There are 2 protein chains.
Amino acid sequence: MRGYPFDPVARKAGIATFARMTIRPASRHPHGQPSIASVAARAGVSIATVSRVVNGVANKASAETTARVRQAILELGYRPISAGRDLRQRSSRIVALLTANLANPAMAAIAAAAEAALRADGLVMVLCDTHDRPDLQDEYLLAMRAQRARAIVLLGAVASPGLARMQAEGETLVFVSRRSPHGTATPFVGIDNRRAGTEVARHLVGRGCADLAVVHGALSSSATAERLAGFRAEARRLGCALPPRAILSAAATEHLEIGYQAMSVLLRRGRAPTGIFCTSDLIAFGAHRRLLEEGLAVPRDLTLVGFDDSPLNDWVAPWLDSVRVPYDSFGPAIARAIAGSPDADAETTLPHRLIVRTQPPPERRDD
Amino acid sequence: MRGYPFDPVARKAGIATFARMTIRPASRHPHGQPSIASVAARAGVSIATVSRVVNGVANKASAETTARVRQAILELGYRPISAGRDLRQRSSRIVALLTANLANPAMAAIAAAAEAALRADGLVMVLCDTHDRPDLQDEYLLAMRAQRARAIVLLGAVASPGLARMQAEGETLVFVSRRSPHGTATPFVGIDNRRAGTEVARHLVGRGCADLAVVHGALSSSATAERLAGFRAEARRLGCALPPRAILSAAATEHLEIGYQAMSVLLRRGRAPTGIFCTSDLIAFGAHRRLLEEGLAVPRDLTLVGFDDSPLNDWVAPWLDSVRVPYDSFGPAIARAIAGSPDADAETTLPHRLIVRTQPPPERRDD
DNA sequence: CGCATGAGGGAAAACGTTTTCCTAAACGCT
DNA sequence: AGCGTTTAGGAAAACGTTTTCCCTCATGCG
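The rules behind the values
Residues numbered from 1 in each chain as written. Chains lettered and ligands numbered in written order. Predicted model: local features only at pLDDT ≥ 70, side-chain atom pairs only at ≥ 80, totals over all residues. Heavy atoms only, no water. Helix = DSSP H or I, 4+ residues; strand = E, 2+ residues; numbered from the N terminus. Buried < 20%, exposed > 50% of the residue type's maximum accessible area, 1.4 Å probe, protein only. Areas by Shrake-Rupley, 256 points an atom, 1.4 Å probe, with all protein chains shown as cover. Least-squares fit on C-alpha atoms with pLDDT ≥ 70 in both. Contact = heavy atoms within 4.5 Å. 1 Å grid on protein atoms, 1.4 Å probe; cavity = no way out; pocket = protein on both sides within 12 Å on 5 of 7 lines; lining within 4 Å. Points joined across faces, edges and corners; volume = space filled by probe spheres on them. Nonpolar A, V, L, I, M, F, W, Y, C, P; charged D, E, K, R; others polar. Buried area = accessible area lost by both parts, 1.4 Å probe. Salt bridge = Lys/Arg side-chain N within 4 Å of Asp/Glu carboxyl O. Polar contact = N/O pair within 3.5 Å; in protein donor to acceptor, adjacent residues only side chain to side chain. Arc of directions from axis to C-beta. Phe/Tyr/Trp six-rings, centres within 6.5 Å; stacked < 30°, edge-to-face > 60°. Lys NZ or Arg CZ within 6 Å of the ring centre and 35° of its normal. Pairing = 2+ DSSP bridges. Axes fitted to C-alpha atoms, helices over the stretch in contact; angles between N-to-C directions. Parallel < 35°, antiparallel > 145°, perpendicular 65-115°, else oblique. Left-handed = near helix turned anticlockwise from the far one by under 90°. pLDDT = per-residue confidence, 0-100.

**Structural notes on the overall build of chain A**
For chain A, the helix and strand inventory stands at 15 helices and 12 strands. Of all 367 residues assigned to chain A, the portion counted as buried reaches 52%. Carbon and sulfur atoms make up 54% of the accessible area of chain A, which amounts to about 16,400 Å² in all.

Right, dumping it as structure tokens:
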């Protein structure tokens, strides 16, 4: 009975004796928030016991003690400060999401889904927008390592020395949508881009588009490269090979601009292709605006296929066919990749679906 | 010279003696990351000195010592672990952004701007999506308090007991776009919604729309209420009073749905109004789709005005006039509200602008 | 010479947790 | 009665910082 009062009888009876409540150093959270010490004092137990109750350690507290501690926690509105835990455990409950471009609704949607899924696992998501810049990405990586982030999710990673190093050092990284630019398969969550590309080709050819084109973003993105590869291979197989000049991009960073400029190029060359595959919706938006300016209409004059298919498309872009990526499933998949240790380095391939909103244009080959 | 070696001569000469490097407890960051102790050991100083150098405390380290410490930091790639600092300082560098709905591009844009501005101040943003639910909001508030967040930014706050309590307890809160539902002005960042409402009214009446309507979201949002009030007052002043039944909403949570359903109601009533003010772009999107289904075109048959004006509108909604909210300025304004102590509880009113994309419909009152 | 002052820097005390030891009963067993 | 074993719970050691005291020189000034 050294130091702390210990009165089995009163405890058995569940009596919160006044003595017990006051003998303790009064430590009623001197600094604002209640701490584990104030809970311990109020419940008449040691802080170790409080900690164990909070963390549900089995066989370490009697039902009564547990109840008393719970009661004290409730009364004080106690919640463990994360810094203390983080320090001790050398790891925080923070998960960093590094996104290439938050202005892209697709990225925003994935961020939202990830946030919800992580929170369900008791994790907290911090959001960083790298703008696809290697230097910023490295800065964020370092900052998040200093936060002892439990994992770092890269939603569209770009090659950078810091990333290479962290990957080598075995940091927990999850690549989403775009594979690691530094080889070596770490956990990856995404869709089968190549297959999606082939489906788009089949769709366009199947609807009679003879004159095809592709407008794509940076090929350093594995997702873009795979989409393009799949599309090209399938088009050729269907006897509708694309000349190299029909596969183009533009020297802009914004996808919207890429679409607009590339479409300008296509139009300058003469008659517009009848089927255009844009490797992102934003590119398609840019292209579409250029077409409108030209007095052309979609799908009347040509078919435009995008990629990502934000839920907003149903409302603002009924003229666009697009490959729908199941954002909502990304969240849980990311959470699993972080929590699950066994299949940690497995790939998660989620199902995509080509959404066809438009009717084929009326046959007007005759005019 | 007790405990730590102290050799002023060698130090003056800037010599990193081998002895100095090894006498120290070898503590080369035994656990992965280098700690302040490893830096201290390498530089041959105490950890206190390292801390002071890192934090730029004046008059506490000679130029030489500073240089040696900097060198060690560089060589080791040291970065202070935030948990340690947070614990000691009872406050983290985390700022929480609670957003009502991340699927809304307007919110996403503000989130992106805030993230950039906060990072420039050395802060880290954690993102939480409350889905406009009071219980979730409270849960997040508690979680962020446990993180000892330096500030909590509420982008579209909803009334909740936890919020009221935190506000009373003097937590650092910044309300963005929507004012505190619990009265009492805490820092607020937003635009002059009332004024924007009047401008929209003037725009519609000025272009000859005689038959007006408003489709609005939840009026618990101060932003929505103010927009509506401004619009209504100005319309009346211009001799174009709105009957109560021309101001409507719908029992849906999604703005898109609200727009769609409200427009259905309007159409069922007979001829559609000639000018409709939607208190958000998403509502306008929903309304527009319903109009399309009905075979009506904008702006040919009526004028639609939205609110927020995401940059994407230029590309996907050229038919929509909308009040542009300067997202990019929100970031710095939020950062100032957090950092700046003097004008901390001041309001920041940012400039909005009504973007008119459409031409007035040709006069066709005759048909 | 005496003495305040200031510069430079170390020791150690927090900060709030978790977790590893320990210890003391109580509870079977033989 | 003796002896493992389980149960309940306390003490104390980390974890990595920052910051408050100190202490020691050197310097300037009367």
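**Focus: the relation of the copies chain B and chain A**
Expressed as a screw transformation, the operator carrying chain B onto chain A has a rotation angle of 180° and an axial translation of 0.1 Å, and the superposed copies differ by an RMSD of 0.1 Å. Interpreted geometrically, this transformation is the action of a two-fold axis. Relative to the rotation axis, the C-alpha of valine 126 of chain B is the closest in chain B, positioned 2.0 Å from it. Same-surface contact between copies: 100% of interface residues of chain B are shared with the interface of chain A.

**Here we look at empty space enclosed by the protein**
Under the counting rule described, the total for this entry stands at three cavities of 30 Å³ or more. One number sums up the size of the largest cavity: a volume of about 170 Å³. Among the secondary structure elements, those contributing two or more residues to the lining of the largest cavity are helix H7 (105-120), helix H13 (281-293) and helix H14 (313-316) of chain A together with helix H7 (105-120), helix H13 (281-293) and helix H14 (313-316) of chain B. Here the lining of the largest cavity is built from residues that sort into 13 nonpolar, six polar and five charged. Approximately 70 Å³ is the volume attributed to the second largest cavity. Taken together, Ser82, Ala83, Asp86, Ile94 and Gln147 of chain A together with Ser82, Ala83, Asp86, Ser92, Ile94 and Gln147 of chain B make up the full set of residues lining the second largest cavity. Those elements that place two or more of their residues in the lining of the second largest cavity are helix H6 (82-89) of chain A together with helix H6 (82-89) of chain B.

**Description of the interface of chain B and chain A**
Counting residues at the interface gives 46 residues for chain B, matched by 46 residues for chain A. In this assembly, chain B packs against chain A so that about 4,400 Å² is buried in total across both faces, 62% of it on carbon and sulfur atoms. The interface formed by chain B and chain A includes four salt bridges. Measuring nitrogen to oxygen at the nearest pair gives 3.9 Å for the salt bridge that ties arginine 119 of chain B to glutamate 139 of chain A. Here chain B is connected to chain A by 12 residue pairs in polar contact (both at pLDDT 80 or more).

**Details of H6 of chain B**
All names here are of chain B. Looking at H6, one finds that the buried residues are Ser82, Ala83 and Asp86. Along the axis of H6, the buried residues cluster in a sector spanning 95°; they form a single face. Positive backbone phi, at 55°, marks arginine 90, one or two positions downstream of H6.

**Some thoughts on the packing of aromatic side chains**
Evaluation of the coordinates by the stated rule reveals eight aromatic pairs over all chains. Seen in terms of ring centroids, phenylalanine 277 of chain A and phenylalanine 307 of chain A are 6.3 Å apart; in terms of plane orientation they differ by 45°. Their pairing is tilted. Highlighted residues: phenylalanine 277 of chain A in strand E8 (residues 275-278) and phenylalanine 307 of chain A in strand E9 (residues 303-308), separated in sequence by 30 residues. On the basis of relative accessible area, phenylalanine 277 of chain A is assigned to the buried category, the value being 0%. Since its relative accessible area comes to 0%, phenylalanine 307 of chain A is described here as buried. Three or more aromatic residues link up through ring pairs in this structure, and these residues are Phe231, Phe277 and Phe307 of chain A. In this structure, arginine 227 of chain B packs its charged tip against the face of phenylalanine 307 of chain B, placed 3.6 Å from the ring centre.

**Things to note about the sheet that holds strand E7 (residues 247-248) of chain A**
All names here are of chain A. Across the sheet, six strands lie side by side as E7-E6-E8-E9-E10-E12; this open sheet has mixed pairing. Looking along the sheet, the strands with just one partner apiece sit at the ends: E7 and strand E12 (353-355). As paired elements, strand E10 (residues 321-324) and E12 share three bridges and run antiparallel to each other. In the sheet register, serine 322 faces E12, and the bridge partner there is isoleucine 355.

**What to know about the pairing of strand E5 (residues 188-191) of chain A**
Residue and element names in this part refer to chain A. Residues Phe188 and Gly190 of E5 are buried on one face, and the alternating residues Val189 and Ile191, pointing to the opposite face, are buried as well. Pairing analysis gives two bridges linking strand E4 (residues 173-176) to E5, with the strands arranged parallel. Across the sheet, valine 176 pairs through a bridge with valine 189, a residue of E5. Bridge count for E5 against strand E11 (residues 347-350) is four bridges, and the pairing is parallel.

**A look at the packing of helix H3 (residues 36-43) of chain B against helix H5 (residues 63-76) of chain B**
All names here are of chain B. Two elements in contact, H3 and H5, have axes separated by 9 Å at closest approach and are oriented at 125°. The angle between the axes of H3 and H5 places the two elements in the oblique class. H3 and H5 meet at a crossing whose hand is right-handed. Contact residues: Ser38, Val39, Arg42 and Ala43 in H3; Arg68, Val69, Ala72, Ile73, Glu75 and Leu76 in H5. Among the residues making up the contact of H3 with H5, the classes are represented as six nonpolar, one polar and three charged.

**Details of the sheet that holds strand E10 (residues 321-324) of chain B**
Residue and element names in this part refer to chain B. A sheet is described by the order of its strands in space; here six strands give the open sequence E7-E6-E8-E9-E10-E12, paired in mixed fashion. Only two strands of the sheet have a single neighbouring strand rather than two, namely strand E7 (247-248) and strand E12 (353-355). The pairing of strand E9 (residues 303-308) with E10 spans four bridges and is parallel. Residue pairing for E10: valine 305 is matched across the bridge by aspartate 321. Lying over the sheet, helix H12 (residues 255-268) contacts strand E6 (212-215), E7 and strand E8 (275-278), oriented at roughly 145° with respect to E6.

**Description of the pattern of salt bridges**
Side chains that carry opposite charge are capable of pairing whenever their charged atoms lie near each other. All names here are of chain A. One pass over the structure, following the stated rule, counts 42 salt bridges over all chains. As a salt-bridge pair, glutamate 293 and arginine 289 come within 3.7 Å of each other at their nearest N and O atoms. Highlighted residues: glutamate 293 and arginine 289, both in helix H13, separated by four residues, approximately one helical turn. Residue classification places glutamate 293 among the partly exposed positions, given a relative accessible area of 45%. With its nearest N and O atoms 2.6 Å apart, the salt bridge here joins aspartate 301 to arginine 300. Looking at aspartate 301, the relative accessible area reads 16%, which means it is buried. On the accessibility criterion, arginine 300 (45% relative accessible area) is partly exposed. Through salt bridges with shared partners, one network takes in Arg289, Arg290, Glu293 and Glu294.

**Let's talk about the confidence of the model for chain A**
Mean pLDDT for chain A: 89, with 88% of residues reaching 70 or above. Per-residue pLDDT stays below 50 along residues 1-27 of chain A; that stretch engages in 30 contacts with residues further than four places along the chain or on separate chains.

**Details of the packing of H6 of chain A against H6 of chain B**
Interaxial distance between H6 of chain A and H6 of chain B falls to 8 Å at its minimum, and their mutual angle equals 140°. By the angle between their directions, the pair H6 of chain A and H6 of chain B is classed as oblique. As H6 of chain A runs across H6 of chain B, the sense of the crossing is left-handed. Residues Ala83, Gly84, Asp86 and Leu87 of chain A of H6 of chain A pack against Ala83, Gly84, Asp86 and Leu87 of chain B of H6 of chain B. Taken together, the residues of the contact of H6 of chain A with H6 of chain B sort by class into four nonpolar, two polar and two charged.

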